[in-house]
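Below are the chains, spelled out letter by letter.
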Amino acid sequence: MRIRDGLCVILLIIAGCSTDIDLISNGGSIPVVYCLLDPEKPVQYVRIGSTYAVYPGDTTNKPTQDEILADEEIIVYLTAEYSDRKQEVYYGNLIDTIPKDSGWFPSTVNQIYAIPCAIKADTKYSLYIRYAGTNRIVHGETTSLGSTFTIIDPEIVPGREANLINGVDYYVRFKPVINGSIFQSTMTFRYADIKDGQWTIRSLVFPQRVFFEEDTTVVYAFQRISGSRFLIDVSRALQPEPDTRRVPLGLDFHISCGGDDLALKINAENNAQSFSILDVNSFDNAIGVFSCLVHRYVKDVPISHFTIDTLAMGPLTHHLGFLTAQQIDSLHHENN
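Here the structure is a predicted model, which is why all the values come from computation and not from measurement. (Residues numbered from 1 in each chain as written. Predicted model: local features only at pLDDT ≥ 70, side-chain atom pairs only at ≥ 80, totals over all residues. Heavy atoms only, no water.)

J.: Quick question: what am I supposed to make of the sheet that holds strand E4 (residues 87–91) here?
T.: The strands that make up a sheet are held in pairs by hydrogen bonds between backbone atoms, and each pair lies either parallel or antiparallel. Strand order in the open sheet formed by 5 strands is E4-E3-E7-E8-E16, and the pairing between neighbours is antiparallel. Edge positions in the sheet fall to E4 and strand E16 (283–284), since each of these pairs with one other strand and no more. (Pairing = 2+ DSSP bridges. Helix = DSSP H or I, 4+ residues; strand = E, 2+ residues; numbered from the N terminus.)

Following this line, the structure appears as structure tokens:
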């Protein structure tokens, strides 16, 4: 009897409560911090912002500058910790020399701090951000790359040319990096449009998927660039233009290596389910990424005659106006 009376009381309480739920309400913002240490630069950069909320489906309700930029004094410093327990501290200064990318946000500047600091190999670094007004402290840790990022291919060698045709792929090869397990290659195809005797240099950019290599004992790591995919992408990106001839000029490569913490974050984003992405975070009391990132560039890789002739006569690209290797040789001979 008492149990039944208790249940009745609970039902009366539930019935008397409002069932309205406010899914969007005002709350405190969370710092958003991005810092990717470059071991080949004398200055490191920290970008700081804040989370914001807009109502779903309302594309006109942009966040205000006050929502994305902190309105209090911020103290930023980086510490290097060595095995003998010694520590070095480097302080950052707010700068306004780097313009923001174009986009949806209203502010014309980024909130960026520059820290003069040359990164040492295989060293633990801590980033501290103190909000003086609210006395909040953001903290993150990462370990720098433990070895040099060395490219094996592409390498400019006299007589070596790049082949990208059906059934023949191109390979980017490099040595594995200690504490660096995420890589990405971006290939740029440069060509010239010739119309009324005027040469206009153009390019198509082909970013490859990021990939992960944690085994540092392998002789080299590699990323395959599909020759068949290259021809398909060129055929989709270009349109035939009347009285325009095209000459392939070469390939440029931009190859990047990121630290283990960056790899962990991107891998979580690629496999995120629900809010699990928030569980992978570089900071205490903030969200963002604190890791390492280094770049390599290889320019003017020559294209083989096989690839040039395939662009000119292949079933996917023959209508785009590319000249054959023989026609290009004759064109150069006429110009000389």
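J.: Explain the side chain of Asn 179 to me, please; I cannot follow it from the model alone.
T.: Inspection of the secondary structure puts Asn 179 in the loop between strand E10 (170–174) and strand E11 (180–195). In terms of polar contacts, Asn 179 uses its side chain to reach the side chain of Asp 122, at 2.9 Å. Reaching out from Asn 179, the side chain makes a polar contact with the backbone oxygen of Ser 144 at a distance of 2.9 Å. Apart from the residues within four sequence positions on either side, Asn 179 is in contact with Asp 122, Thr 143, Ser 144, Leu 145, Gly 146, Gly 258, Gly 259 and Asp 260. (Polar contact = N/O pair within 3.5 Å; in protein donor to acceptor, adjacent residues only side chain to side chain. Contact = heavy atoms within 4.5 Å.)

J.: Explain the pairing of strand E12 (residues 198–207) to me, please; I cannot follow it from the model alone.
T.: Side-chain positions along a regular strand alternate between the two faces of the sheet. Here E11 pairs with E12 via 10 bridges, running antiparallel. Of the residues in E12, the one forming a bridge with Thr 186 is Pro 207. Hairpin remark: E11 followed by E12, antiparallel, with 2 residues in the connecting loop; positive phi at Asp 196, about 55 degrees.

J.: So what exactly am I meant to see when it comes to the sheet that holds strand E9 (residues 151–153) here?
T.: Strand order across the open sheet formed by 3 strands is E9-E10-E14, with antiparallel pairing between neighbours. The sheet is open, and its two edges are formed by E9 and strand E14 (221–225), each paired on a single side. Across the sheet, the axes of successive neighbouring strands diverge by a mean angle of 20 degrees, strand direction being ignored. Sheet topology places E10 next to E14; 5 bridges connect them, and they run antiparallel. The residue bridging Tyr 171 from the neighbouring strand is Arg 224, located in E14. (Axes fitted to C-alpha atoms, helices over the stretch in contact; angles between N-to-C directions.)

J.: In this structure, what is going on with the packing of helix H3 (residues 227–237) against helix H5 (residues 305–313)? I would like to understand it.
T.: Helix-helix packing is characterised by the crossing angle of the two axes and by the distance between the axes. Running from amino to carboxyl end, H3 crosses H5 at an angle of 40 degrees, the nearest separation of the two axes being 11 Å. It follows that H3 is oblique to H5 by the angle criterion. Of the two possible hands of crossing, H3 and H5 adopt the one that is right-handed. Contacts between H3 and H5 pair Phe 230, Leu 231 and Val 234 from the former with Thr 307, Thr 310 and Leu 311 from the latter. Tallied by class, residues from the contact of H3 with H5 come to 4 nonpolar, 2 polar and no charged. (Parallel < 35°, antiparallel > 145°, perpendicular 65-115°, else oblique. Left-handed = near helix turned anticlockwise from the far one by under 90°. Nonpolar A, V, L, I, M, F, W, Y, C, P; charged D, E, K, R; others polar.)

J.: What is the right way to look at the nonpolar core in this model?
T.: Here is a general trend for soluble globular proteins: nonpolar side chains tend to be buried in one another's company. Core analysis: the biggest nonpolar cluster contains 64 residues, and Val 46, Leu 127, Ile 129, Phe 189, Val 234 and Phe 253 have the highest contact counts within it. Look past the residues within four positions of Ile 129 in its chain and what remains in contact with it is Val 33, Val 46, Ile 48, Ile 74, Ile 75, Val 76, Arg 136, Ile 137 and Val 138. With 5 residues, the next largest nonpolar core counts Ile 182, Leu 262, Val 289 and Leu 293 among its residues. (Core = buried A, V, L, I, M, F, W, Y, C linked by side-chain atoms within 4.5 Å. Buried < 20%, exposed > 50% of the residue type's maximum accessible area, 1.4 Å probe, protein only.)

J.: Where do I start with the pairing of E10 in this structure?
T.: Only one face of E10 is buried: it carries Tyr 170, Val 172 and Phe 174, and the other face, with Tyr 171 and Arg 173, is open. Note that E9 and E10 share 2 bridges and pair antiparallel. Residue pairing in the sheet places Asp 153 in a bridge with Arg 173 of E10.

J.: Sorry if this is basic, but what is going on with the environment of Thr 97 here?
T.: Mapping Thr 97 onto the fold places it in the loop between strand E5 (93–95) and strand E6 (112–116). For Thr 97, a relative accessible area of 62% gives the class exposed. Between the C-alpha atoms of Thr 97 and Asn 110, which are 13 residues apart in sequence, the distance is 9.1 Å.

J.: Is there a simple way to explain the pattern of salt bridges in this structure?
T.: Side-chain pairing between opposite charges can occur once the charged atoms of the two side chains come close. For the structure shown, the criterion picks out 14 salt bridges. When the shortest N-O distance is used, the salt bridge between Glu 40 and Arg 296 registers 2.5 Å. On the criterion of sequence distance, the pair formed by Glu 40 in the loop between strand E1 (31–37) and strand E2 (43–50) and Arg 296 in strand E17 (residues 287–301) is long-range, its members being 256 residues apart. Judged by relative accessible area, which is 47%, Glu 40 ranks as partly exposed. Across the pair Arg 136 and Glu 72 runs a salt bridge, and its minimum N-O distance is 3.5 Å. In this pair, Arg 136 is assigned in strand E8 (residues 136–143) and Glu 72 in the loop between helix H2 (65–68) and strand E3 (74–81), connecting sequence segments 64 residues apart. For Arg 136, a relative accessible area of 31% puts it in the partly exposed group. Look at Glu 72 and you get buried, because its relative accessible area is 19%. (Salt bridge = Lys/Arg side-chain N within 4 Å of Asp/Glu carboxyl O.)

J.: For this particular structure, what's the right way to read the state of the cysteines?
T.: Note: disulfide means a covalent bond formed between the sulfur atoms of two cysteine side chains. Tallied over the entire structure, the rule returns 0 disulfides. No disulfide involves Cys 117; its sulfur sits 9.5 Å from that of Cys 35, the nearest cysteine. Here Cys 257 is not disulfide-linked; the sulfur of Cys 292 is the nearest cysteine sulfur, at 9.0 Å. Judged by its relative accessible area of 0%, Cys 257 is buried. (Disulfide = S-S within 2.5 Å.)

J.: I keep staring at unusual backbone geometry and nothing clicks. Help me out?
T.: Among all residues except glycine, the phi angle is most often negative; among peptide bonds, the trans geometry is most common. Note that the residue after Asp 153, namely Pro 154, is joined by a cis bond; omega there is 5 degrees. Its place among the elements puts Pro 154 in the loop between E9 and E10. Backbone geometry places Asn 135, a non-glycine residue, at a positive phi of 60 degrees. Following the sequence through the fold, Asn 135 ends up in the loop between strand E7 (124–131) and E8. The residue Asp 196 is not glycine, and still its phi comes out positive at about 55 degrees. Along the chain, Asp 196 falls in the loop between E11 and E12. Among the residues examined, Asp 196 registers a relative accessible area of 70% and is labelled exposed.

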